[in-house]
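The residues making up each chain are set out below.
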Amino acid sequence: MLKHSLASAIALGCLSLPALANDTSAVLTTGGLDFVQHGDISMESEELFISMDEIRVTYTFKNNSDTDQDVLVAFPMPEIVPNPFSPVSYPTGPADNLFEFQTTFNGQPVDAELHEYAYSAGVDRTKLVRQLDLPIVPFTDEAMSATDALSEEDKANLLYLGMVIPDEYDAGQGWEKHFWPSWSYRATYTWNATFPAGETVTVEHRYKPSVGGTVGVSMLAEPSEGYDPGAEYRERYCTDDGFRAAVRKTLKDPKDLWSAPFTESWISYILTTGGNWAGGSIGKFRLVVDKGSEDNLVSFCGDDIKKIGPTTFEMVKTDFFPEDEINVLILVRQEDQ
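Residues numbered from 1 in each chain as written. Predicted model: local features only at pLDDT ≥ 70, side-chain atom pairs only at ≥ 80, totals over all residues. Heavy atoms only, no water.

Caption draft 1: Spotlight on the overall build of the protein chain. Scanning the protein chain from N- to C-terminus turns up six helices and 21 strands. Across the 337 residues of the protein chain, 53% fall into the buried class. With the model as given, the accessible surface of the protein chain reaches about 16000 Å², and the carbon-plus-sulfur share is 47%. (Helix = DSSP H or I, 4+ residues; strand = E, 2+ residues; numbered from the N terminus. Buried < 20%, exposed > 50% of the residue type's maximum accessible area, 1.4 Å probe, protein only. Areas by Shrake-Rupley, 256 points an atom, 1.4 Å probe, with all protein chains shown as cover.)

This is the structure:
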């Protein structure tokens, strides 16, 4: 279970990263994509590399049965929640492959199918977005313009459903009010694969991550109105007292939490779907996180994490049961501070 933080000495040399996604078997139903367990195919190993620029993952699977298995394989991406008021780095690939996702099966390129969904308050609103002829990806200029151009009745309905954010400001020639899309974007890539009887196959993926973040360091903020950022960061990224103290020492003004010379970056990786294969565990799991620069700081939950390079950290597990997703926090040091 990923519940232990990096040692403080290691944390001083690291970045924080957000998480991505793990292979699973799937079945397509009339309601969309459902994930299922597969009792004959086991995940022998997973090699996972996470950085702010690229995610790379290599799996080996073994078909333990005496017959070939035709499987619909699914790779779910992390949910993206747009925020027009926060400097989030969204994936910028083409509309039909936003994450620039590439995959191979035993070395041969695979043409994966992209499934896209729009969600708000946990409810699937894909059909409504399609009916209004809106782009399903909410954080593009096209989606913002299309949403803002809707009728007042449609915008009021979307506001009621929590799918838009009103923004009113003085543009220099009087007050203006606009509505920006705020539904979350979910995507899953699927493809059909044949796992030969008794054989081991290799599957490789690479893609651009969605990196969330903030200007400044909000993890040091005091609790307010029922929200405790420190507690959230400790739970999500295992930021221990040593890590927090190291960040606090960088403040130019101890009373100004935004005077730290960092911006936050978050990366998340969906790991628990790896438990959908036979046995529910990963035979050998190896995680490498690259913080990008020696000046950056990093924190994420895990056991027995070792520094293996100036900017890289490794965790290796055997018979690993993925109970939690991976969430990485990277504090990116700003050159002019």
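Caption draft 2: View of the state of the cysteines. What the rule picks out here adds up to one disulfide. In this model Cys 238 forms its disulfide with Cys 301; the gap between the sulfur atoms is 2.0 Å. The S-S bond linking Cys 238 to Cys 301 shows a torsion near 105 degrees; that makes this disulfide right-handed. Here Cys 238, found in the loop between helix H5 (229–237) and helix H6 (241–248), pairs with Cys 301, found in the loop between strand E18 (297–300) and strand E19 (306–307); they are 63 residues apart in sequence, far enough to count as distant. Side by side, Cys 238 and Cys 301 carry an identical accessibility label, which is buried. (Disulfide = S-S within 2.5 Å.)

Caption draft 3: Just the pattern of salt bridges, in detail. Under the criterion given, the structure shown has eight salt bridges. A salt bridge links Glu 79 to Arg 186, with the nearest nitrogen and oxygen atoms 3.2 Å apart. Taken together, the positions of Glu 79 in the loop between strand E6 (69–76) and strand E7 (102–105) and Arg 186 in strand E13 (residues 184–195) put the pair 107 residues apart, joining distant regions of the chain. According to the relative accessible area criterion, Glu 79 is partly exposed, its value standing at 40%. In this structure, Asp 303 engages Lys 317 in a salt bridge whose closest nitrogen and oxygen atoms are separated by 3.7 Å. Linking Asp 303 in the loop between E18 and E19 with Lys 317 in strand E20 (residues 312–320), this pair joins segments that are 14 residues apart in sequence. We classify Asp 303 as buried; its relative accessible area is 18%. In the salt-bridge network here, residues are joined through shared partners; they are Glu 47, Arg 286 and Glu 314. (Salt bridge = Lys/Arg side-chain N within 4 Å of Asp/Glu carboxyl O.)

Caption draft 4: Quick peek at the packing of aromatic side chains. Counted under the stated rule, the structure contains 11 aromatic pairs. Between Phe 101 and Tyr 207 the ring centres are 5.9 Å apart and the planes differ by 40 degrees, which places this aromatic pair in the tilted class. In this pair, Phe 101 sits in the loop between E6 and E7 while Tyr 207 sits in strand E14 (residues 200–207), placing the two residues 106 residues apart along the sequence. Residue Tyr 207 is classed as buried on the basis of its relative accessible area, which comes to 2%. With a centroid separation of 5.6 Å and an interplanar angle of 55 degrees, the aromatic rings of Tyr 233 and Tyr 237 are classed as tilted. Here Tyr 233 pairs with Tyr 237, and both are found in helix H5, just four residues apart, close to one helical turn. Residue classification places Tyr 233 among the buried residues on the basis of a relative accessible area of 4%. Put simply, the rings of Phe 75, Phe 101, Tyr 189, Trp 191 and Tyr 207 touch in pairs and so form one group of aromatic residues. Here Arg 56 stacks its cationic end above the ring of Phe 49, 4.1 Å away from the centre of that ring. Arg 186 extends its terminal NZ or CZ atom over the ring of Tyr 119, reaching a point 3.6 Å from the ring centre. (Phe/Tyr/Trp six-rings, centres within 6.5 Å; stacked < 30°, edge-to-face > 60°. Lys NZ or Arg CZ within 6 Å of the ring centre and 35° of its normal.)

Caption draft 5: Just the sheet that holds strand E17 (residues 282–290), in detail. The eight strands are arranged E8-E7-E14-E5-E4-E17-E20-E19 in an open sheet whose pairing can be described as mixed. One side of each edge strand has no neighbouring strand; the edge strands of this open sheet are strand E8 (108–109) and E19. Direction of pairing for strand E4 (residues 41–50) relative to E17: parallel, over a ladder of seven bridges. The residue bridging Glu 46 from the neighbouring strand is Phe 285, located in E17. (Pairing = 2+ DSSP bridges.)

Caption draft 6: Focus on the pairing of E4. The buried fraction of E4 amounts to eight of the 10 residues, a majority that puts the element mostly inside the structure. Two elements, E4 and strand E5 (residues 55–63), share nine bridges in a ladder whose sense is antiparallel. Across the sheet, the residue bridging to Phe 49 is Arg 56, located in E5. Between E4 and E5, which pair antiparallel in sequence order, lie four residues.

Caption draft 7: Fine view of the side chain of Thr 60. Considering the arrangement of structural elements, one finds Thr 60 in strand E5. Here the side chain of Thr 60 touches Ser 45 through a polar contact of 2.6 Å, side chain to side chain. Leave out the neighbours within four places in its chain, and Thr 60 touches Ser 42, Met 43, Glu 44, Ser 45, Thr 200, Val 201 and Thr 202. (Polar contact = N/O pair within 3.5 Å; in protein donor to acceptor, adjacent residues only side chain to side chain. Contact = heavy atoms within 4.5 Å.)

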